[in-house]
Amino acid sequence: MSQKPQKPAGGNSPLESTLSKSYDPHSIEQRIYQTWEQAGVFAPSGRGKPYCIMIPPPNVTGSLHMGHAFQDTLMDTLIRYHRMRGDNTLWQAGTDHAGIATQMVVERQIEAEGKTRHDLGRDEFVKRVWKWKAESGGTITRQLRRMGASLDWSRERFTMDDGLSQAVTEVFVRLYEEGLIYRGKRLVNWDPVLHTAVSDLEVISEEEAGHLWHIRYPIAGTNKHLVVATTRPETMLGDTAVAVHPEDERYKPFIGKLVALPLTDREIPIIADEYVDREFGSGCVKITPAHDFNDYEVGKRHNLPVINIFYSDACINLPDSPYHGQDRFMARKKIVADLEALGLIERIQDHKLMVPRGDRTGAVIEPFLTDQWYVKVGPLAAEAIKAVETGRIRFVPENWTKTYYEWMRNIQDWCISRQIWWGHRIPAWYDADGQVYVARGASAAHAQAKQQHGQDIPLEQDEDVLDTWFSSALWPFSTLGWPEQTRELKTFYPTSVLVTGFDIIFFWVARMIMMGLRFAGDVPFREVYIHGLVRDAHGQKMSKSKGNILDPIDLIDGIDLESLVVKRTASLMQPQMEKKIEQATRKEFPHGIPAYGTDALRFTFASLATQGRDIKFDLGRIDGYRNFCNKLWNAARYVLMNAEGEDCGQSYEDGAQAPSARPPLPAGEGMGVRADLPPPLPSPKGRGEAGKNLYSVELTVADRWILARLQEVSAEVESAFRDYRIDLASQAVYSFVWHEYCDWYLELSKVVLTDSKSGSELLRGTRRTLVAVLESLLRLLHPVMPFITEEIWLRMAKLAGKPGMTIMREPYPVPDMKKADSTAIDEMHWVMGVITSVRNIRGEMDIPPGKRLPLLVQDGTARDRKYLDSNRHYLETLARAESISWLEKGTDAPESATALVSHMKVLIPLGSIIDKNQELERLGKEMEKIERDLSKAKTKLANPEFVDRAPKNVVEQENQRVLRFETTLSKLRAQFAKVKALPG
RNA sequence: GGGUGCUUAGCUCAGUCGGUAGAGCGUCGCCCUUACAAGGCGAAGGCCGGGGGUUCGAACCCCUCAGCACCCACCA
């Protein structure tokens, strides 16, 4: 290493002397990130107002998808913004153990070795998972770094690490002691592939095509029968009644009688229950309490026996039945065939039904009777609802509160036990009699047992683990050290905002609120910022099986078409989709995906982050923002070319603060946030700021204009951030950078800088403004585009008089209304108006932009004369005017193309350049447009009600418009007539 | 069956207080002007989903219809 290892960003870069001609994200991003992380600048500063965001912990098994990338961009932008605002900012890092998902990954590996987890045994298996986590669990955190996420990695946590596991146990025990956790035998959603219970939320019900079988159940002792309709004929083996509606005249006589259940030797009663819908099917419902949630309730009301007909893998468990041991779907076929043979099938109808499937396995979920642990959610939910009602938690956008209430008011008890091995083992022990001891550890459980029984007795721990979301619910406080009352907990809890997708409100947001209120004594966050889902360019959800996934890393690094095709078609669940996916991919990305770099990707996300709407990810957008990076880069090149080594009137000229000479960044501490002062800009006269190296400067109207506009844009950004409108914030800066700073100000600055007659104070003023505005823009943009802004900033910080080590800890620009300068803005508008009108004529007439034209002006006011006099140089250069001369009133103008800037006529003598008909057409178009506007305005004013009732200023404004349109129009008409009268 | 959101230029989307409809991409001209061709300058392109109402005035507020998307829910 050289002797400046601390400053690779400024010192080792290929940009040592000049910036490369176009922006190359690859050469800077990872280097800059490493510098930041090593310097510890992601850690809280220790001073300022606390600001904290908890990352929704990604699964350790996971890799970064577009949803993460989007969400992390939003969070990082907020975090960087607040860090620059001087807040004591923590973005808590960590990952989730993701019980079922992770267990499935490792089980698949073991399967590949020809074994099952049972061959290994529980302890060995869990060891295997830990090993796997250590080796492969870091993918997503590496990818987060690629996104530029300024997470405090020094505080990274894992939901299964010791501290967090202790929090889990503590919460479980306390809830149990308060009677809010109980164990019960009930119907649960059972995944027959995973052999575990899952919560309501982990079941996805979708409409699928199926059948409705109408089956005859003979009425005992008669030759009559009842017809029941069912979508699941195999469950008839567990029927314990047939229900009809109590008021149903058709069946009233049979209530209380028995039917002979076909294919069994059982007789079951005909019961009456309000639950039955007379209109549906035959109006008779078979009741299978063990395998249907409704039937279970009916069974309870009528004291029906509950006959479980399945094993845990959903094979028939009826040793005396011919269907014993068969899979449920096999059994269905068999049973239907057998019924048919007996003449008991009346008809089979096609039928659409909602089929519940496990979100992980896709297997049809089976209602299954088991012992499980539950959280009694009612009391917790009541508090959680109140917290939102009273405004202690605010949803953004606000309408999500409705969704939240809807769910919380209908919430069911939460099944928290899972019959898997990877996760937090339930802190419950049983003695030989099945008595349960819930305790903070095995020894505590033994002590409990001993106290009750007067002697040591053997205990066995519950085999189950907790739902992953149980530990996630504690994340906002467990990561901060709870149950210890740590300094971090006191500082950062409640956290500031939770940034998440609506799909997770129920799984996570609601549960965090309940647990936070109960155990950490306050809401877990003050605001919940809900963003949309990232979809593909056609609005489809991205999914592996659809083959429309975009990998954020591919957008950053680029990927060629062949690799993309391979990636999208690899290990598909449905191989028949391969062809289709390949075709679609080749069509959509004929040249693969170019390397856009992180900043372009982040800017795209930021710009698409509108509220209340999902985002369709369109490559066109990221293309445009990559170009924006390049634009910014080249603007910086221009500024550096003109300012570096030149006299910019800044006070740091001695080299002592040069990047290479700065001390290394202290870790975490000492990165004090300085007072938020804009670059030391002098007053127009250059007085009032003493400093031995501060030279006086003269500011042009362009300088004053761009500085004034910068204040306005800063204000816009500030208010956008306040409303979580990051899209508006980034759009505001985008258009300012491109369309004001680059399109106008840089061009205007050339006029001064290339003019040999420019005095040193003027040159200095222009350079200083170029530098100061660029430097402010970098800070404005940094939260969204961290890398490119840091790279440029390090290059130019000292030109701007900034001794800082990284833009990350520089103050965020705040609008300074002292620099509001409406006269400069007015004057520049005038200048731009004249230039634009000349350009317009040029464009319409296809006159080459390089061709110099003589300009005549006529009929101006005193203001026009004044502005023209002081801005002649700008007009000549930017409008490519050969000359500009006043034509006295009444003087006959030569044949010309004409434009109007308020009252002033701008004439371009036709000479041989301009085609008469073309000019007539152009004038005609102009007149038409104004006529339209004029007549609209006139109609308005002709309406007495408008004049009477509309606010005075609106009426006045309308009057002004009419006047303006009328003068313009009359001048255009005169010009039109004049041109028309010309020969040729 | 309840609930939510969306519908604005060819495409993707902004539109704050109800007061002159905007941007990016794409398209069409003219330009390789020494920051940038990933660029510059200019232009075309709109019944703001339909209907009704409130208002002097509606893309915006109210009602209604239609289409699309999503969430919740036990019709066998």
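Whatever comes next refers back to the structure up there.
Residues numbered from 1 in each chain as written. Chains lettered and ligands numbered in written order. Predicted model: local features only at pLDDT ≥ 70, side-chain atom pairs only at ≥ 80, totals over all residues. Heavy atoms only, no water.

(A) Up close: the overall build of chain A. A tally of helices and strands in chain A yields 31 helices and 28 strands. For chain A, the C-alpha atoms occupy an extent of roughly 120 × 70 × 60 Å along the three principal directions. The contacts of chain A with a sequence gap of at least 6 include a subset with a gap of at least 24, amounting to 77%. Per element, the accessible surface of chain A, about 43000 Å² overall, is 50% carbon and sulfur. Computing the positive centroid from 125 side-chain charges and the negative centroid from 133, chain A places the two 5 Å apart. (Helix = DSSP H or I, 4+ residues; strand = E, 2+ residues; numbered from the N terminus. Contact = heavy atoms within 4.5 Å. Areas by Shrake-Rupley, 256 points an atom, 1.4 Å probe, with all protein chains shown as cover. Lys, Arg positive; Asp, Glu negative; His and termini not counted. Charge placed at Lys NZ, Arg CZ, Asp CG, Glu CD.)

(B) Main features of the side chain of Gln-71. Within the element layout of this structure, Gln-71 appears in helix α3 (residues 66–84). Only 3.3 Å separates the side chain of Gln-71 from the backbone oxygen of Val-499, close enough to count as a polar contact. For Gln-71, the contacting residues outside a window of four places in its chain are Pro-56, Val-499, Thr-500, Gly-501 and His-531. (Polar contact = N/O pair within 3.5 Å; in protein donor to acceptor, adjacent residues only side chain to side chain.)

(C) Just a positive patch on the surface, in detail. Residues Lys-929, Arg-932, Lys-936 and Lys-940 make up a contiguous surface patch of positive charge. Relative to the elements of secondary structure, Lys-940 occurs in helix α29 (residues 916–942). (Patch = residues over 30% accessible without salt bridge, like charges linked within 9 Å, V, L, I, M, F, W, Y side chains within 5 Å. Salt bridge = Lys/Arg side-chain N within 4 Å of Asp/Glu carboxyl O.)

(D) Up close: unusual backbone geometry. Residue Trp-482 is joined to Pro-483 through a cis peptide bond whose omega torsion reads 10°. Structurally, Pro-483 can be placed in the loop between α15 (475–478) and α16 (487–492). Tyr-493 connects to Pro-494 through a cis peptide bond whose omega is -5°. Structurally, Pro-494 is set in the loop between α16 and β21 (495–501). The phi dihedral of His-195 falls on the positive side, at around 60°, and the residue is not glycine. Within the secondary structure, His-195 is located in the loop between β4 (181–191) and β5 (196–198). With a phi close to 65°, Asp-859 is a non-glycine residue in the positive phi region.

(E) Examining the sheet that holds strand β13 (residues 366–375) more closely. In spatial order, the strands read β5-β4-β13-β15; together these four strands make up an open sheet with antiparallel pairing. At either end of the open sheet lies a strand with only one pairing partner, and these are β5 and β15 (414–415). (Pairing = 2+ DSSP bridges.)

(F) Structural detail: the packing of aromatic side chains. This model, assessed by the stated rule, comprises 37 aromatic pairs. Taken together, a centroid distance of 6.0 Å and an interplanar angle of 55° make the contact between Tyr-404 and Tyr-405 tilted. Assigned by exposure class, Tyr-404 and Tyr-405 land together as buried. Every member of this aromatic cluster is reached through a ring pair, and the members are Phe-172, Tyr-176, Trp-373, Trp-414 and Phe-470. The residue whose ring lies beneath Arg-145 is Trp-153, and the NZ or CZ to ring-centre distance is 4.0 Å. When the ring centre of Trp-886 is taken as reference, the NZ or CZ atom of Arg-865 above it lies at 4.2 Å. (Phe/Tyr/Trp six-rings, centres within 6.5 Å; stacked < 30°, edge-to-face > 60°. Buried < 20%, exposed > 50% of the residue type's maximum accessible area, 1.4 Å probe, protein only. Lys NZ or Arg CZ within 6 Å of the ring centre and 35° of its normal.)

(G) View of the nonpolar core. Among the nonpolar cores identified, the biggest contains 214 residues, and Tyr-404, Met-408, Phe-470, Met-515, Phe-617, Trp-705 and Tyr-741 are the most heavily contacted of them. Broken down by element, the residue count for this core peaks at 17 residues, all from helix α24 (residues 726–753). One finds Ile-219, Val-259, Ile-268 and Ile-309 within the second-largest nonpolar core, a separate group that totals 34 residues. (Core = buried A, V, L, I, M, F, W, Y, C linked by side-chain atoms within 4.5 Å.)

(H) Quick peek at the protein's contact with RNA strand B. The full set close to RNA strand B counts 61 residues, and Asp-277, Thr-610, Arg-613, Trp-738 and Arg-949 are the nearest of them. Of what RNA strand B places within 4 Å of the protein, 61% of the atoms are sugar or phosphate. In the environment of RNA strand B, a base oxygen lies 2.8 Å from a nitrogen or oxygen atom belonging to the side chain of Asn-294. The separation between a phosphate oxygen of RNA strand B and a polar side-chain atom of Asn-840 is 3.1 Å. Among the elements of the structure, β7 (225–230), β12 (345–358), α22 (619–643), α24, α27 (822–845), α30 (944–949) and α31 (952–981) are those that each provide at least two residues to the surface near RNA strand B. Broken down by element, the residue count for the surface near RNA strand B peaks at 10 residues, all from α22. Residues belonging to the surface near RNA strand B are distributed by class as follows: 23 nonpolar, 16 polar and 22 charged. (Near = heavy atom within 4 Å. Nonpolar A, V, L, I, M, F, W, Y, C, P; charged D, E, K, R; others polar.)

(I) Representation of helix α26 (residues 786–796) in the model. Where burial is concerned, most of α26 is hidden: 11 out of the 11 residues are buried. Residues Pro-786, Phe-787, Ile-788, Thr-789, Glu-790, Glu-791, Ile-792, Trp-793, Leu-794, Arg-795 and Met-796 constitute the buried set of α26.

(J) View of α22. Compared with the 36 Å implied by 1.5 Å per residue over 25 residues, the 36 Å span of α22 between its first and last C-alpha is a close match. Of the residues trailing α22, Gly-645 is marked for its positive phi of about 75°. (Expected span 1.5 Å × (residues − 1).)

(K) Spotlight on the pattern of salt bridges. The full count for this structure, using the stated rule, is 61 salt bridges. In this structure, Lys-971 engages Asp-859 in a salt bridge whose closest nitrogen and oxygen atoms are separated by 3.7 Å. Residue Lys-971 is located in helix α31, and its partner Asp-859 is located in the loop between β25 (853–858) and α28 (862–878); the two are separated by 112 residues in the primary sequence. Residue classification places Asp-859 among the partly exposed positions, given a relative accessible area of 21%. The salt bridge partner of Glu-958 is Arg-961, with a shortest N-O separation of 3.2 Å. Of this pair, Glu-958 and Arg-961 are both found in helix α31, three residues apart, which corresponds to roughly one turn of the helix. On the basis of relative accessibility, which here comes to 27%, the residue Arg-961 falls in the partly exposed class. What emerges from the salt-bridge pattern is a single network uniting Arg-232, Glu-234, Arg-328, Arg-332 and Glu-366.

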